[in-house]
Amino acid sequence: MPGLKIEIIACLKDNYAYLVGDPAAGLCAVVDPSEAAPVEAALEGRRLTHILNTHHHWDHSGGNRELKEKFGAEVVGPEKDRSRIPAIDVGVDEAGGWRFGEYAVRILEVPAHTKGAIAFVFEGAVFTGDTLFALGCGRLFEGTPEMMVQSLAKLAALPDETRVYCGHEYTLANARFAMTLEPGNADLAKRFREIEALRAKGAPTVPSSIGLEKRTNPFLRTASAEIRAALGMETAGEVEVFAEIRRRKDNF
Ligand code: ZN
Ligand code: FE
């Protein structure tokens, strides 16, 4: 999307909020503001017009009230979780999508981390919250392995070049875990080295891309023969393999 610029804002210990804006159109949205102060600093005097939440967790919506009060910004979140999104104005769902000024935004309903989780799909970029991480996926707080497999499949169906902006900087730990399952994946080994270098200088590992995640993220690679062999699950179903990867990551 030529007119839209995306900026990364580090929040709390390892959260990311993002500014998405088109200055010429007077549009400036923040995605998942866990807290207000770093968002205000990043705005550098610009007026915030929208607050977008991928899910209800406080580390993605804790800044809603303060930012809405200061800027009069409209709060947009999952309609199905309306009661748990602080100060929500507009509830969105997959059927209706959303309009950001002139920009059509697709909404994907991606339940499992939370029941109401959504992803915001702009042209060329997706905000995945805590559903799809760089080399990982969110914990199953309110859903089943089957739900997460379906939710991840929706995200994986986006064009390969789609940039992935996720809710946390968990990538190095995710990479270490992924390497335990698929050390023979050359794309993964290369990415692991790149991630180590980025984190050594304190740089973010986002955005990723859908294509890169499909080649390296174990949660999207339940069909990998190497992963299946590592788990001793050569003939198991996709959901069973996913559930075992998730269980091992929970205990990693
Ligand atoms: Zn969360
Ligand atoms: Fe989170």
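See above for the structure.
Residues numbered from 1 in each chain as written. Chains lettered and ligands numbered in written order. Predicted model: local features only at pLDDT ≥ 70, side-chain atom pairs only at ≥ 80, totals over all residues. Heavy atoms only, no water.

Asks: Explain the coordination of the iron ion (ligand 2) here, please?
Replies: Tetrahedral metal sites with four donors have an ideal angle of 109.5 degrees; octahedral sites with six donors have ideal angles of 90 or 180 degrees. Bound to the iron ion (ligand 2) are the protein donor atoms Asp59 (OD), His60 (NE2), Asp130 (OD) and His168 (NE2), situated 2.1 to 2.3 Å from the metal. Considering all four donor atoms around the iron ion (ligand 2), the spread of angles at the metal, 83 to 168 degrees, places the coordination shape in the irregular class. Every donor residue of the iron ion (ligand 2) comes from the same chain, spaced as D-H-x69-D-x37-H. A separation of 3.1 Å is found between the iron ion (ligand 2) and the zinc ion (ligand 1), which are bridged by Asp130. Highlighted residues: His60 in helix H2 (residues 58-61) and His168 in the loop between strand S13 (163-166) and helix H5 (171-181), separated in sequence by 108 residues. His168 shares its class with His60; the two are buried. (Donors = N, O, S within 2.8 Å, 3.2 Å for Na, K, Ca; no water. Tetrahedral: all angles 85-135°; square planar, octahedral: opposite > 155°, others 65-115°. Helix = DSSP H or I, 4+ residues; strand = E, 2+ residues; numbered from the N terminus. Buried < 20%, exposed > 50% of the residue type's maximum accessible area, 1.4 Å probe, protein only.)

Asks: What is the right way to read the packing of aromatic side chains from this model?
Replies: What characterises a pair of aromatic rings is the spacing of the ring centres plus the angle enclosed by the ring planes. Across all of its chains, the model carries 12 aromatic pairs by this definition. Ring geometry for Tyr18 against Tyr165: centres 5.1 Å apart, planes inclined by 75 degrees, an arrangement best described as edge-to-face. Placement of Tyr18 in strand S2 (residues 15-22) and of Tyr165 in strand S13 is noted, with a sequence separation of 147 residues between them. Consider the rings of Phe122 and Phe127, whose centres lie 5.7 Å apart with planes at 85 degrees: the pair is edge-to-face. The class for Phe122 is buried, based on a relative accessible area of 4%. By relative accessible area, Phe127 is classed as buried at 1%. (Phe/Tyr/Trp six-rings, centres within 6.5 Å; stacked < 30°, edge-to-face > 60°.)

Asks: How should the nonpolar core be read in this particular structure?
Replies: Generally speaking, soluble globular proteins have nonpolar side chains that are buried together. Among the nonpolar cores identified, the biggest contains 26 residues, and Leu155 and Ile245 are the most heavily contacted of them. Examining the composition of this core, we find that four residues originate from one element, helix H4 (residues 145-156), more than from any other. Not counting the four nearest positions on each side in its chain, Leu155 is found in contact with Leu108, Val110, Ala119, Val126, Thr128, Thr131, Leu132 and Ile210. In this structure, Ala29, Val31, Val92 and Trp98 belong to the second largest nonpolar core, which totals 24 residues. (Core = buried A, V, L, I, M, F, W, Y, C linked by side-chain atoms within 4.5 Å. Contact = heavy atoms within 4.5 Å.)

Asks: How should the packing of H5 against helix H9 (residues 238-250) be read in this particular structure?
Replies: The relative placement of two packed helices is expressed as an angle between their axes plus a distance between the axes. Direction vectors running N to C along H5 and H9 enclose 130 degrees, while the axes themselves pass 11 Å from each other. Taken together, the axis directions place H5 and H9 in an arrangement best described as oblique. The crossing of H5 and H9 is right-handed. Touching Asn174, Phe177 and Leu181 of H5 are Ile245, Arg248 and Lys249, all from H9. Residue classes in the contact of H5 with H9 are distributed as three nonpolar, one polar and two charged. (Axes fitted to C-alpha atoms, helices over the stretch in contact; angles between N-to-C directions. Parallel < 35°, antiparallel > 145°, perpendicular 65-115°, else oblique. Left-handed = near helix turned anticlockwise from the far one by under 90°. Nonpolar A, V, L, I, M, F, W, Y, C, P; charged D, E, K, R; others polar.)

Asks: Would you explain the coordination of the zinc ion (ligand 1) in this entry?
Replies: Taken together, the protein ligands of the zinc ion (ligand 1) are His55 (NE2), His57 (ND1), His113 (NE2) and Asp130 (OD), with distances of 2.2 to 2.3 Å. Around the zinc ion (ligand 1), the four donor atoms sit at angles spanning 86 to 170 degrees, and that spread fits a shape best called irregular. Sequence positions of the residues that donate to the zinc ion (ligand 1) give the spacing H-x1-H-x55-H-x16-D. With relative accessibility at 4%, the residue His113 sits in the buried group. Given a relative accessible area of 5%, Asp130 falls into the buried group.

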